[in-house]
Amino acid sequence: MISTNTSREPPAALLAAVTLPGAAAHAEDSLCELADLADTLGFAIAAHAVQARPAPDPGTYIGHGKLEDLRGLVHQYDAELVIFDNDLSPRQSQNIERQLGCMVWDRTQLILEIFARHVRTAEARVQVELARMQYMLPRLVGMWAHLDRERGGIGTSRGMGEKQIQIDRRMVRARIAHLQKELQRIETERCTQRKQRSNCFQVALVGYTNAGKSTLMNCLTGSSVHVADKLFATLDATTRALDCMAKPAVVLTDTVGFIRNLPHSLVASFRSTLEHVREADLLLHVIDVSHPDYETHISTTAGVLNEIGAAAVPRMIIFNKIDLSRHDAIDRLMLEKKHPGCLCVSALEESARNTIIDAVTTRVHEGCISRTIRLPYSKCDALADFYAYSIVDNVDYREDAMYIDCTISPLMRRHFTHYLPKTHPKQHHGLSG
Ligand SMILES: Nc1nc2c(ncn2[C@@H]2O[C@H](COP(=O)(O)OP(=O)(O)OP(=O)(O)O)[C@@H](O)[C@H]2O)c(=O)[nH]1
Ligand SMILES: [Mg+2]
């Protein structure tokens, strides 16, 4: 089927997709998302072509007849670009480009271009460039083929194009090695910052792109991180203190969103940014409940969390944008039944703050133990640790020592190992001094 759209703004682009058996259910949503991704880069989608096939064509992914149709559309709309919803091999992109006479991107390249456009910090710049270089390396072949076509002929030895490819490959490999070193340096720096934060309960916002993570970050911490109604507005990790009564103190991190078929090279390059997610004590999984395909967003996010090694981190589900739901109360009931313990909020409403902070505080204090600990006066310096890492209910200054009534969270127990027994907890614990 080929459908067209008469409203057109330059630069024009076309979308193309091949639906393989088993993928039909999500094909339309995936194509809509591809249009949103293209829109993020400012392309106007003039038309799209979709073909159902039992398997991709090895040379051109899409069938030859459909490719002819696309060629007609390229001319009709004067399209600069054709974007495939599937991942194309370097050879397939090259063949299609040759036949259509315009630029051809696959889904991965489109996402890489968006990331490149949205980078703000030096770290994200390195991460995105590394992913782009890795994507480009096997695709250099097509870039210089014209030199061979111009100069090559029967009897010519190696063409200029081939020599140029070898030079380029060396340069790209050297650049990749340089970027990898740079990322390692950044990771070491991050490791130091993480150690500084290890006395805090770490919470990270995760979820599909555009779910409202940054809006929630601003609502919860009063910060002003960048919010936009476009995909991949956030590429960097921002960490802020959460103003709540929990002990230990809580820090919240906002970071890059996920999407279906997130390029593996990007996941690998963003390892240091995603470390916040892997090392968190709790993940707030934010879901845009107004999105018709939010169930797929939930499973996609779960899949990426698995891929980055964060599957075991405890999660709290937050259905956001409930203000956009048509039957607010009914939807809440249905969601709470299906996802026990979930929260339904609107990040645009003040009430979201208290709802989430109360739930996080409860989670921080889950598994806390209450103890009366004897602290000899010779160790009175340690009293500061009790105030920093536990909730102190009372300090009784007796003749022999101080007796501290306190509540200690599981995360902070390591600070009190001297005071707590290894096996049988008793009501009173002392430190010999
Ligand atoms: N109506 C409504 N809009 C919201 C709500 N939360 C966020 N938005 C809007 O949704 C859009 C995306 O919000 P962001 O906070 O940038 O989303 P994000 O999850 O950080 O997106 P990425 O950084 O791209 O992954 C913005 O236009 C927000 O104003 C909400 O509760 N209700
Ligand atoms: Mg964001």
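Refer to the structure printed above.
The following paragraphs examine the structure supplied in this document. These figures come from a predicted structure and were not determined experimentally.

This part is about the overall build of the protein chain. Scanning the protein chain from N- to C-terminus turns up 15 helices and 15 strands. Scored against the burial criterion, the 433 residues of the protein chain give a buried share of 51%. Within the protein chain, contacts between residues separated by at least 24 positions form 71% of all contacts whose residues are at least 6 apart in sequence. With the model as given, the accessible surface of the protein chain reaches about 21300 Å², and the carbon-plus-sulfur share is 52%.

Counted residue by residue, helix α11 (residues 271-278) has 6 buried out of 8 residues, so it is predominantly covered. Those residues of α11 that sit buried are Ser272, Thr273, Leu274, Glu275, His276 and Val277.

The next thing to look at is the coordination of the magnesium ion (ligand 2). Protein coordination at the magnesium ion (ligand 2): the donors are Ser214 (OG) and Thr234 (OG1), at 2.0 to 2.1 Å from the metal. Placement of serine 214 in helix α9 (residues 213-221) and of threonine 234 in the loop between α9 and β7 (238-242) is noted, with a sequence separation of 20 residues between them. Residue serine 214 shares its accessibility class with threonine 234, and that shared class is buried.

Below, the discussion takes up the environment of aspartate 236. In this fold, aspartate 236 is placed in the loop between α9 and β7. Distance from aspartate 236 to valine 119, taken between C-alpha atoms, is 8.0 Å for residues 117 residues apart in sequence. Among all residues touching aspartate 236, those that are not within four sequence positions of it are Arg120, Thr121, Ala124, Asp254, Thr255, Val256 and Thr273.

Within this structure, the stated rule accounts for 16 salt bridges. A salt bridge links glutamate 33 to arginine 260; its shortest N-O distance comes to 3.2 Å. Here arginine 260 lies in the loop between β8 (250-254) and α10 (264-269) and glutamate 33 lies in helix α1 (residues 24-40), a separation of 227 residues in the sequence. A relative accessible area of 8% places arginine 260 in the buried class. Across the salt bridge formed by lysine 338 and glutamate 295, the nearest N and O atoms sit 3.0 Å from each other. Taken as a pair, lysine 338 in helix α13 (residues 328-338) and glutamate 295 in helix α12 (residues 294-307) lie far apart in primary sequence, 43 residues in all. Classification of lysine 338 as exposed rests on a relative accessible area of 54%. For glutamate 295, a relative accessible area of 35% gives the class partly exposed. Residues participating in the shared-partner salt-bridge network are Glu33, Asp85, Arg107, Arg260 and Asp293.

Every one of the 23 residues lining ligand 1 counts as a neighbour, but Lys213, Thr215, Ala233, Thr234 and Ala347 are closest to it. Within the contact set of ligand 1, an oxygen atom lies 2.5 Å away from a side-chain nitrogen or oxygen of threonine 215. Asparagine 320 has a polar side-chain atom sitting 3.1 Å from an oxygen atom of ligand 1. For ligand 1, whose unbound accessible area comes to 650 Å², protein coverage reaches 90%. With 3 residues, α9 is the largest single contributor of residues to the shell around ligand 1. In terms of residue class, the shell around ligand 1 is built from 9 nonpolar, 9 polar and 5 charged.

Turning our attention to the sheet that holds strand β10 (residues 315-320). Ordered in space as β7-β8-β6-β9-β10-β11, the 6 strands form an open sheet in which the pairing is mixed. Only two strands of the sheet have a single neighbouring strand rather than two, namely β7 and β11 (343-344). For β10 and β11, the ladder comprises 2 bridges, and the chain directions are parallel. Considered in β11, the bridge of isoleucine 318 is made with leucine 343. Those strands touched by α11 are β6 (201-207), β7, β8 and β9 (282-288), and its axis lies near 115 degrees from that of β6.

Parameters and conventions
- Residues numbered from 1 in each chain as written.
- Chains lettered and ligands numbered in written order.
- Predicted model: local features only at pLDDT ≥ 70, side-chain atom pairs only at ≥ 80, totals over all residues.
- Heavy atoms only, no water.
- Helix = DSSP H or I, 4+ residues; strand = E, 2+ residues; numbered from the N terminus.
- Buried < 20%, exposed > 50% of the residue type's maximum accessible area, 1.4 Å probe, protein only.
- Contact = heavy atoms within 4.5 Å.
- Areas by Shrake-Rupley, 256 points an atom, 1.4 Å probe, with all protein chains shown as cover.
- Donors = N, O, S within 2.8 Å, 3.2 Å for Na, K, Ca; no water.
- Salt bridge = Lys/Arg side-chain N within 4 Å of Asp/Glu carboxyl O.
- Near = heavy atom within 4 Å.
- Polar contact = N/O pair within 3.5 Å; in protein donor to acceptor, adjacent residues only side chain to side chain.
- Nonpolar A, V, L, I, M, F, W, Y, C, P; charged D, E, K, R; others polar.
- Pairing = 2+ DSSP bridges.
- Axes fitted to C-alpha atoms, helices over the stretch in contact; angles between N-to-C directions.

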